[in-house]
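# Topology and contacts: notes
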Amino acid sequence: MADIAGARVLIMASDGFEESELFGPRDILLREGAAVALAAPTMSPIQATVLDDPGKTIRPDLTIEQARAEDFDALVLPGGVINPDKLRTNHSAIQLIRDFATQRKPVAAICHGPWLLVEADLLRGRTATCWRSIRTDLRNAGANVVDEPAVVDGNIVTSRQPEDVEAFTAALIRLIASERDKSAA
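So, here is what we can say about the structure in this document. As the structure is a computational prediction, the values presented were derived from the model and not from experiment.

## A look at unusual backbone geometry
In this structure, Arg-104 takes a positive phi of about 60° despite not being glycine. Looking at the element boundaries, Arg-104 is found in the loop between α3 (91-102) and β8 (107-110). Classification of Arg-104 as partly exposed rests on a relative accessible area of 47%. A positive phi angle, close to 60°, is found at Asp-121, a residue other than glycine. By the element assignment, Asp-121 lies in the loop between α4 (114-119) and β9 (127-128). Assessed through its relative accessible area of 44%, Asp-121 is described here as partly exposed.

Encoded structure:
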């Protein structure tokens, strides 16, 4: 994998995130030497789902209100149906996503996570992928939707489902490394 040692990655989630779509990328990023922080609406532990059943909990490192794009190199948006549906009505969450995009930092969303990219109006004219039941939502938001494990279009990484976590995270790691190389040049 590309060198991302020392990269700072923020994961943003709420209750109802798909367990493997937060813990999978988090574990891979940590193993590759990134510093990973979790932002949530409050500092209370958030509950995962495994499909529709309750999963693990995890305690956030900071609130969404406290998170600043300038403090991180990339943003990860896990799916699950409940998590992005809750966050897309959270003004601070959507503004944070827009801040990462405005700063041209990688923003990676998996499964239902691209709903947040729709809400932030970041997919118009871009190629993206997602969970099959929200493909029409992405098309209606102006995206060219494809069925691939991971898609990179500019600073946006999208992915379809839990089984694609490794491809999703590898694409994000390559993008982080590429952006770090550009800024070092």
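## Side note on α3
Between its first and last C-alpha, α3 extends 16 Å over 12 residues, near the 16 Å set by a 1.5 Å rise per residue. For α3, the set of buried residues is Ser-92, Ala-93, Ile-94, Leu-96, Ile-97, Phe-100 and Ala-101. Residues of α3 that are buried make contact with β1 (8-12), β7 (74-77), α2 (82-87), β8 and α4. Taking the backbone nitrogen of Ser-92 as reference, a side-chain oxygen 3.0 Å away marks Asn-90 as the first, capping residue of α3.

## Regarding the nonpolar core
Within the largest apolar cluster, 33 residues are counted, with the highest numbers of intra-cluster contacts made by Leu-10, Met-12, Leu-77, Ile-97 and Leu-117. For this core, the elements supplying multiple residues, two or more each, are β1, β3 (35-40), β7, α3, β8 and α4. With six residues, α3 is the single largest residue contributor to this core. If we ignore the near neighbours within four places in the chain, the residues touching Met-12 are Ala-39, Ile-64, Leu-75, Val-76, Leu-77, Pro-78, Leu-87, Ala-93, Leu-96 and Ile-97. Counting 31 residues, the second-largest nonpolar core is a separate cluster that includes Ala-7, Ile-28, Ile-58 and Ala-108.

## Focus: the pairing of strand β4 (residues 46-50)
As paired strands, strand β2 (residues 17-18) and β4 are joined by two bridges and run parallel to one another. Paired with Phe-17 across the two strands is Ala-48, which belongs to β4. Here β4 runs beside strand β5 (residues 53-58); their pairing, made up of four bridges, is antiparallel. Paired with Gln-47 across the strands is Thr-57, a residue of β5. Turn length for the β4-β5 hairpin, with the two strands adjacent in sequence and antiparallel, is two residues, and the turn residue Leu-51 shows positive phi of about 60°.

## Digging into the pattern of salt bridges
Two side chains with opposite charge may pair up if their charged atoms get near one another. Inspection of the entire model under this criterion finds eight salt bridges. Between Arg-8 and Asp-73 there is a salt bridge; the shortest N-O distance is 3.3 Å. Residue Arg-8 is found in strand β1, and its partner Asp-73 is found in the loop between β6 (62-63) and β7; the two are separated by 65 residues along the sequence. Taking the shortest distance from any N to any O, the salt bridge between Arg-135 and Asp-147 comes out at 3.2 Å. Separated by 12 residues along the polypeptide, Arg-135 in helix α5 (residues 135-140) and Asp-147 in the loop between β10 (144-145) and β11 (150-153) bring together distant segments of the chain. One salt-bridge network, held together by shared partners, links Arg-135, Asp-147, Arg-160 and Asp-164.

## Description of the sheet that holds β8
A sheet is described by the order of its strands in space; here seven strands give the open sequence β6-β3-β1-β7-β8-β12-β11, paired in mixed fashion. Since the sheet does not close on itself, it has two edges, and those belong to β6 and β11, each with one partner. Pairing of β7 with β8 involves three bridges; the strand directions are parallel. By the bridge assignment for β8, Val-76 is matched with Ala-108. Here helix α1 (residues 19-31) sits on the sheet in contact with β1, β3, β7 and β8, set at roughly 155° to β3. Where α3 meets the sheet, its contacts fall on β1, β7 and β8, and the angle it forms with β1 comes to roughly 150°.

Cut-off values and rules
- Residues numbered from 1 in each chain as written.
- Predicted model: local features only at pLDDT ≥ 70, side-chain atom pairs only at ≥ 80, totals over all residues.
- Heavy atoms only, no water.
- Helix = DSSP H or I, 4+ residues; strand = E, 2+ residues; numbered from the N terminus.
- Buried < 20%, exposed > 50% of the residue type's maximum accessible area, 1.4 Å probe, protein only.
- Expected span 1.5 Å × (residues − 1).
- Contact = heavy atoms within 4.5 Å.
- Polar contact = N/O pair within 3.5 Å; in protein donor to acceptor, adjacent residues only side chain to side chain.
- Core = buried A, V, L, I, M, F, W, Y, C linked by side-chain atoms within 4.5 Å.
- Pairing = 2+ DSSP bridges.
- Salt bridge = Lys/Arg side-chain N within 4 Å of Asp/Glu carboxyl O.
- Axes fitted to C-alpha atoms, helices over the stretch in contact; angles between N-to-C directions.

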